Amino acid sequence: MGVSPGRRGHPRGRGLGPGVSLTRAEPGRAGGAQAAVAEQRVGQQRRVQVPDVRRPVRVEDGGGEQQAAAGPGGGSGGGGAAERAREAAGRPPHVGSGTIDAAARSGRPEAAGGACAAGPGRAGGAATEEPATGDMFRCRAGLARALRPPPRGRAHAGTLLQRWNVPPDLQLSRQMASTGVPGQKGSNSVFVLIMGLSTLGAGAYAYKTIQESKERYASRLAMTARQSQGQESSASGAAPQGTAAPVTPIKVPSHVPFLLIGGGTAAFAAARSIRARDPGARVLIVSEDPALPYMRPPLSKELWFSDDPNVTETLRFKQWNGKERSIYFQPPSFYVPVEDLPCVENGGVAVLPGKKVVHMDVRGNTVKLNDGTQISYDKCLIATGGSPRNLPAIERAGKEVQKRLTLFRKIEDFQRLEKISREVKSITIIGGGFLGSELACALGRRARTRGLEVIQLFPENGNMGKVLPEYLSNWTTEKVRREGVNVLPNAVVKSVSVCGNRLLIQLKDGRKVETDHIVAAVGLEPNVELAKSAGLEVDSDFGGFRVNAELQARSNIWVAGDAACFYDIKLGRRRVEHHDHAVVSGRLAGENMTGAAKPYWHQSMFWSDLGPNVGYEAIGLVDSSLPTVGVFAKATAKDTPKCATELSGTGIRSESETEAEASEVQISQSSSPMPQVPKQGEDYGKGVIFYLRDKVVVGIVLWNIFNRMPIARKIIKDGEEHEDLNEVAKLFNIHED
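Everything numeric in this text was worked out from a predicted model, so none of it was measured. (Residues numbered from 1 in each chain as written. Predicted model: local features only at pLDDT ≥ 70, side-chain atom pairs only at ≥ 80, totals over all residues. Heavy atoms only, no water.)

### Some details on unusual backbone geometry
Heads up, the condition is: Helix numbering and strand numbering both begin at the N terminus, where a helix is a DSSP run of H or I of at least 4 residues and a strand a DSSP run of E of at least 2.
One non-glycine residue, Lys695, lies in positive phi territory at about 65°. One can find Lys695 in the loop between strand 31 (686-693) and strand 32 (696-703). In this structure, Asn707 is a non-glycine residue whose phi angle is positive, near 60°. For Asn707, the position within the fold is in the loop between strand 32 and helix 19 (709-718).

### Examining the pattern of salt bridges
Here is the rule: Salt bridge, as used here: a side-chain nitrogen of Lys or Arg that lies within 4 Å of a carboxyl oxygen of Asp or Glu. Buried residues are those whose accessible area, probed at 1.4 Å on protein chains only, stays under 20% of the maximum for their type, while exposed residues exceed 50% and partly exposed ones sit between those limits.
Tallying each qualifying case throughout the model produces 21 salt bridges. Among the ionic pairs, Glu537 bridges to Arg546, the shortest N-O distance being 3.4 Å. Under the relative-accessibility criterion, Arg546 is labelled partly exposed at 29%. A salt bridge links Arg546 to Asp539; the shortest N-O distance between them is 2.4 Å. Members of the salt-bridge network, linked through shared partners, are Arg502, Glu514 and Asp516.

### Let's talk about helix 16 (residues 579-593)
Put simply, the test is: To estimate how far a helix should extend, the number of its residues minus one is multiplied by 1.5 Å.
A rise of 1.5 Å per residue sets the reference length of helix 16, with its 15 residues, at 21 Å; its end C-alpha atoms lie 21 Å apart and thus fit the reference within 8%. Counting buried residues in helix 16 gives 14 out of 15 residues, a clear majority hidden from the surface.

### Observations regarding a nonpolar patch on the surface
Heads up, the rule is: The residues that make up patches have over 30% relative accessible area and no salt bridge, and they are joined within 9 Å when like-charged or within 5 Å when they are Val, Leu, Ile, Met, Phe, Trp or Tyr. Only the protein chains shown count as cover for residues, and the accessible areas themselves come from Shrake-Rupley with a 1.4 Å probe.
Together, Phe191, Val192 and Met195 give the surface a local cluster of nonpolar side chains, amounting to about 300 Å² of exposed area. Taking relative accessible area as the criterion, Phe191 reaches 44% and is therefore assigned partly exposed.

### Remarks on the sheet that holds strand 18 (residues 493-499)
Counted only if it meets this: Pairing between two strands requires that DSSP report at least two bridges joining them. Structural elements are reduced to axes, namely lines fitted to C-alpha atoms, with helices fitted over the stretch in contact, and the angle between N-to-C directions of any two is expressed from 0 to 180 degrees.
The strand order across the open sheet formed by 3 strands is 18-19-20, and the pairing between neighbours is antiparallel. In this open sheet, the two strands that pair with only one neighbour each are strand 18 and strand 20 (512-515). The mean inter-strand angle of the sheet, taken between neighbouring strand axes irrespective of direction, is 20°. Sheet topology places strand 19 (residues 502-507) next to strand 20; 4 bridges connect them, and they run antiparallel. Among the inter-strand pairings, Gln506 is bridged to a residue of strand 20, identified as Lys512.

### Re the pairing of strand 20
Alternating residues of strand 20 divide into Val513 and Thr515, all buried, and Lys512 and Glu514, none buried. Between the antiparallel neighbours strand 19 and strand 20 lie 4 residues, among them Gly510 with a positive phi of about 95°.

### Observations concerning the environment of Gly386
Following the sequence through the fold, Gly386 ends up in strand 13 (residues 386-388). Along the primary structure Gly386 and Glu525 are separated by 139 residues, whereas in three dimensions their C-alpha atoms are 5.2 Å apart.

### Some words on the packing of aromatic side chains
Going by this rule: Note on ring pairs: Phe, Tyr and Trp rings are taken, using the six-membered ring of Trp, and paired if centres are within 6.5 Å. Classes follow the plane angle, with under 30 degrees stacked, over 60 edge-to-face and the rest tilted.
Summed over all chains, the structure comprises 11 aromatic pairs. On the basis of an interplanar angle of 85° and a centroid distance of 5.2 Å, the ring pair of Trp304 and Phe414 is categorised as edge-to-face. On the criterion of sequence distance, the pair formed by Trp304 in the loop between strand 6 (282-287) and helix 9 (311-314) and Phe414 in helix 12 (residues 411-423) is long-range, its members being 110 residues apart. You'll find Trp304 and Phe414 in the same group, each marked buried. Centre to centre, the rings of Tyr616 and Trp703 are 5.6 Å apart; their planes meet at 10°, and the pair counts as stacked.

### What about the nonpolar core?
To keep it simple, the criterion reads: In plain words, nonpolar cores are sets of buried Ala, Val, Leu, Ile, Met, Phe, Trp, Tyr and Cys residues tied together by side-chain atoms within 4.5 Å.
Among the nonpolar cores identified, the biggest contains 111 residues, and Leu260, Leu284, Ile327, Met360 and Trp703 are the most heavily contacted of them. Among the nonpolar cores identified, the runner-up in size contains 23 residues, and Ile700, Ile705, Leu731 and Ile734 belong to it.

### Brief notes about the environment of His255
Here is the rule we go by: When checking whether two residues touch, look at their non-hydrogen atoms; a contact exists if any pair is within 4.5 Å. Within 3.5 Å is the distance limit for a polar contact, defined as a pair of N or O atoms, with the added protein rule that one can donate a hydrogen and the other accept it, and that residues adjacent in sequence qualify only through two side-chain atoms.
In this fold, His255 is placed in strand 5 (residues 255-261). Residue His255 is classed as partly exposed on the basis of its relative accessible area, which comes to 37%. It is 4.6 Å that separates the C-alpha atoms of His255 and Ser376, two residues lying 121 residues apart in sequence. Discounting chain neighbours no more than four positions away, the residues touching His255 are Ser376, Tyr377 and Asp378. Separated by 3.4 Å, the side chains of His255 and Asp378 make a polar contact.

What follows is the structure, encoded as structure tokens:
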């Protein structure tokens, strides 16, 4: 089969392009009954077909006409009913062989060759009975002329559409669908425009994202700078350290998933626990304290023994093992700015300092701050802690006495008292418990080096008389006196007044004490002001919010720390005011706020150090009114708080022992006699004191014995009677050198 060359203007080849024409196909040859070639060009949305030549087909070329033969059905490129229907619908007609010219001019040989390269016996094209060799030769010559590039500047695409009489409104859509000829100048400008706009939009989005990130970063730096300024100003007495000075009003979010009321140890432990179980959680801590969350024990212990003259500014201290650390749990960079909490990626913990929650609506799940701001929440933790008590006699004394009084509790109290200890000649500490005895030993150390008079008075018979048995309390009192403190036991304050430039303390037994400054360390009162507005129950015996075993006060309200009055399955309802309890109860409350539903079974421990050489750890009910049994042994050089921290690696000893428990306690039966109460004046180097109730151990004090708390916790948890407590004491290895 071949195709005879045509001439431009020839009746049979008009509109088909140079050297290309259509002739009649020989009946009986392959492809003679149906369309021989069908090609769909997706890019140009045009269909190229060569119809059967047995039906007349009209091909228009600028007004000219041509009659050709088309087969039955007309194909897709011929006339007929289908073609007339397309014209009536306003769509461009399927042109016949004129599309071959478009394929040839587009530079696509496969399109042109499909119409003229078919040989004899092949399906797919119009054919004549002319010799195949001549036809193929003439087809190649015509194809070469068809692929010749158009003259420079010729808009061939638009000219072709005009030649087809395509409506102008459709020409743009055809151009938009074309990507142009590769390597030619026919690239689509609309396509380029779309790509350019897409690139511009992507660049604008990237720029906006970068700017927002820079703004958040700048906001965090500003917050850090404000906190640093607050720390610097606190060194000069202007503001407490760690305070975030309110340079500009902070935009407080109207809603937070987790709201923690209080900024102490329990709240921080809960925040970390929530984030551990829900890494994307958004937690807001509302703290009345102007400082970021910090640990309180060093305020009455290690900070006073620091040799750094700037310790009140840095608030960094050396532990007994020589390692240095800060009292803050985390630096400012750990926290998320409050205004960024709702939108920051992956959530975080934000602290709103210097704000107090004054009203709580448990039905509406909202709280109101002292500045009128309202915050809604999904789940809430109350960790308000407590406030130091004052003596009624001092409260009645007037403003002049109040100015010379320190209720020791916070960072600013430590900073103020440390400064006062350098300026006055006499300081009197009222209280003989943990805090009062620790401060007495700390200030007594300065009494020897600076000539400061330190007086400690309390109503008990000896230091820590409510906790330690009488013989050990008396020994502790002598220890405090050796530190340079004038200890006055059995002293009850009757009145306090100003006499000249000094304070006069009148005791009920007639004794008088003159001093320059008073430190009251007489206990803690839980902060339960929210109970009234929230409708929460307060325990009448122990104080604090009553909670269930999971530390819940309501379905979405939990309480932890000093303000929680919980039920101990072994010891009954209790309220504990110790660092370890704040850590563990806060951690458990945070877990339960994320769905853990765990009961609080932990037996918290506490510890107290009377300097680097004498200290003790205790667990359970340690009440001097209970019967006690003590087992003591000679101490060695390693039986001191200093050595204990060297072994554990931390001065906050509960951090290394929290929730640890011995897996098994085996006590062998022995005929050893029951231990006797030590004689007065004996040196109690180290030992174990058991507190009994109904012959069951309910409390244990480890005197200069450290890192044995898991064993003590196990003994109390078992709740068994022991015939020979001397054998139980051996579990603590007190007889080892």
